[in-house]
Amino acid sequence: MKPIRIAIDGPASSGKSTVAKIIAKDLGYTYLDTGAMYRSATYLALKNHLTESDVAAILEQMAAHPISFGRATDGSQTVFLGDEDVTLAIRQNDVTNNVSWVSALPEIREELVKQQRRIARDGAIIMDGRDIGTVVLPDAELKIFLVASVDERAERRFKENQEKGISTNLEILKKEIAERDYKDSHRKVSPLKAADDAITFDTTGVDIDGVVSFISEKAKKIIDMD
Ligand code: DC
């Protein structure tokens, strides 16, 4: 059995993190939510009233408040900036609506990609994001690109937010998701796109179990090859 690296990319709410977490648990792999890292950088920028022209100051804030992951008593993943628990704060609307400009800054991406590669160094990892298969781990053993219709993704996020106690409006969510798709796929640095060797899977109308077994089967085949 060889420890492999699994890259899962795709647009917002395409189901990446839900399935990645399940597969990581199943394989005993580390799960890395790279979106949480861009959200954390955005949280720091907003908290300190920084803008696109303050890249150096955002980087300084990131160095002073390193990102780390922990585990809550219910087993869910928690996100820390220094010793501040930002798990919930980074999911709030102000962060979600500002993460596109922060994640379009090349210097911020460079720093976070460096951290992501360090975490992936030993393999046995499943990472989700937008550029994992294309930039972060171009030689990952398995690359999956998940897509789903805007309507379905908005409904998924709506439910997710409800469960977290975050109030949202479905029509506004659809608009925001479509806008974020556009910005994520049209930015100059590391735009959202499938790697040439990625397997694209449309999850519209497919339940979580269906997506998990599709990816798990492919992963287990590669793991068992050795
Ligand atoms: O996966 P998410 O919705 O939590 O990600 C939040 C934002 O972070 C997303 O709109 C784009 C950005 N992102 C990125 O640019 N590259 C990644 N690898 C992951 C996320």
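Residues numbered from 1 in each chain as written. Predicted model: local features only at pLDDT ≥ 70, side-chain atom pairs only at ≥ 80, totals over all residues. Heavy atoms only, no water.

### Things to note about the overall build of the chain
Across its full length, the chain carries 10 helices and eight strands. For a compact globule of 226 residues, the expected C-alpha radius of gyration is about 17 Å, and the chain comes in at 17 Å, within 12% of that figure. Taken over the C-alpha atoms alone, the chain extends approximately 50 × 40 × 40 Å along its principal axes. Scored against the burial criterion, the 226 residues of the chain give a buried share of 46%. (Helix = DSSP H or I, 4+ residues; strand = E, 2+ residues; numbered from the N terminus. Rg over C-alpha atoms; globule rule 2.2 N^0.38 Å. Buried < 20%, exposed > 50% of the residue type's maximum accessible area, 1.4 Å probe, protein only.)

### Structural notes on the sheet that holds strand E4 (residues 77–81)
Taking strand neighbours across the sheet as the criterion, the three strands line up as E3-E4-E5 in an open arrangement whose pairing is antiparallel. Pairing within the sheet leaves two strands with one partner each, and these edge strands are strand E3 (67–71) and strand E5 (84–85). For E3 and E4, the ladder comprises five bridges, and the chain directions are antiparallel. By the bridge assignment for E4, Arg 71 is matched with Gln 77. In the packing of helix H2 (residues 34–47) onto the sheet, contacts are made with E3, E4 and E5, and the angle to E4 comes to roughly 40 degrees. (Pairing = 2+ DSSP bridges. Contact = heavy atoms within 4.5 Å. Axes fitted to C-alpha atoms, helices over the stretch in contact; angles between N-to-C directions.)

### Considering the packing of H2 against helix H6 (residues 106–120)
The packing of two helices is summarised by the inter-axis angle and the distance between the axes. Interhelical geometry of H2 versus H6 gives an angle of 140 degrees and a closest axis separation of 11 Å. Regarding the angle of H2 to H6, the classification is oblique. The two elements H2 and H6 cross, and the hand of that crossing is right-handed. From H2, Thr 34, Met 37, Tyr 38 and Ala 41 reach across to H6, where they touch Ile 108, Arg 109, Leu 112, Val 113, Gln 115 and Gln 116. Among the residues forming the contact of H2 with H6, the class breakdown is six nonpolar, three polar and one charged. (Parallel < 35°, antiparallel > 145°, perpendicular 65-115°, else oblique. Left-handed = near helix turned anticlockwise from the far one by under 90°. Nonpolar A, V, L, I, M, F, W, Y, C, P; charged D, E, K, R; others polar.)

### What to know about the site of the ligand
Taken together, the neighbourhood of the ligand is formed by 14 residues, with Arg 39, Arg 109, Asp 131, Arg 180 and Arg 187 sitting nearest. Note that an oxygen atom of the ligand is positioned 2.7 Å from one of the side-chain N or O atoms of Arg 39. The contact in question runs from a nitrogen atom of the ligand to an N or O atom on the side chain of Asp 131, over 2.8 Å. When isolated, the ligand has an accessible area of 450 Å², and the protein chains bury 97% of it. For the shell around the ligand, the secondary structure elements donating two or more residues are H2, helix H5 (99–103) and helix H9 (170–186). With four residues, H2 is the single largest residue contributor to the shell around the ligand. A per-class count over the shell around the ligand returns two nonpolar, four polar and eight charged. (Near = heavy atom within 4 Å. Polar contact = N/O pair within 3.5 Å; in protein donor to acceptor, adjacent residues only side chain to side chain. Areas by Shrake-Rupley, 256 points an atom, 1.4 Å probe, with all protein chains shown as cover.)

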